[in-house]
Amino acid sequence: MTDRTCTHRCVRPAAALLLAGALACSPDRDMPESIDLQVSQVYVTEPVLGERAAMYFSVTNNGSADDALVGVSTEAARVTEIHRTAREGDVMRMERVEALTVPAGTRIDLAPGGYHLMLLKLTGHLFPGDGFDVTLRFRHAGTMLVRARVIAYEDVEQVLGSPSAQDPHGPR
Ligand SMILES: [Cu+2]
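In this text the structure is predicted, and so the values were computed from the model without any measurement. (Residues numbered from 1 in each chain as written. Predicted model: local features only at pLDDT ≥ 70, side-chain atom pairs only at ≥ 80, totals over all residues.)

As for the overall build of the chain
Looking only at helices and strands, the chain has two helices and eleven strands in total. Start at the N end of the chain and walk to the C end: the helices and strands fall as α-β-β-β-β-β-β-β-β-β-β-β-α. Counting only residues that meet the buried cut, the chain has 33% of its 172 residues in that class. Partitioning the intrachain contacts of the chain with sequence separation of at least 6 by distance along the chain shows that 68% fall at a separation of at least 24. (Helix = DSSP H or I, 4+ residues; strand = E, 2+ residues; numbered from the N terminus. Buried ≥ 20, exposed ≤ 12 C-beta atoms within 10 Å, placed from the backbone. Contact = placed C-beta atoms within 7 Å.)

The following block contains the structure:
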């Protein structure tokens, strides 16, 4: 499997292609000189509450300017939100944010206990092993089509490397 580079260097590593399938980028017109965003490891946890699921991925900005995730859409969910998990005393709470900044030269890992995407009002059942397309919208890089893979809830910690007990979306 070969690396695939699309317009304006919204590149994606070969490892991501193995995991996540096809990619398309459509950068906006007033974007900075150098855009180089890589998205990989796109996972959705099996919905344990029926109607919603959390989605995680890694995004690396090797470009010359900060970018930000500003929107998400998929046929798998009627509503999507960008969430941040924050500790309040002993309680993990999540709150909606308008955008997730990806500073130039940094990698952001969306993971249990941190940032994640919420897929709400799911349009159908999602089973471990299923895959579906998700369009990520970045302020400068434009839209990026990635493929998400559904993983079983018990595999979250192994795959994502974070304590699933901290995830407020988990079974209670
Ligand atoms: Cu959430």
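Observations concerning the pairing of strand β6 (residues 91–97)
Of all seven residues making up β6, only zero are buried, and the element is barely covered by its neighbours. In this structure, strand β5 (residues 77–88) lies alongside β6, joined through seven bridges in antiparallel fashion. Bridge pairing in β6 places isoleucine 82 opposite valine 97. Taken together, β5 and the strand that follows it, β6, pair antiparallel across an intervening segment of two residues, in which glycine 89 is found at a positive phi of about 65°. (Pairing = 2+ DSSP bridges.)

Structural notes on the confidence of the model for the chain
Residue-level pLDDT values for the chain average 80, and 74% of them are 70 or greater. Here residues 1–9 is modelled with pLDDT under 50, and outside its nearest four sequence neighbours on either side it reaches 21 contacts, counting other chains as well. Within the model, the stretch residues 11–22 combines pLDDT values under 50 with 33 contacts to residues more than four positions away or in other chains. (pLDDT = per-residue confidence, 0-100.)

Topic: the pairing of strand β4 (residues 67–73)
Where β4 and strand β7 (residues 100–102) come together, three bridges link them in antiparallel fashion. In the strand pairing of β7, alanine 68 is matched with threonine 101. Relative to strand β10 (residues 131–138), β4 runs antiparallel, the two being bridged by four bridges. Residue pairing in the sheet places valine 72 in a bridge with leucine 136 of β10.

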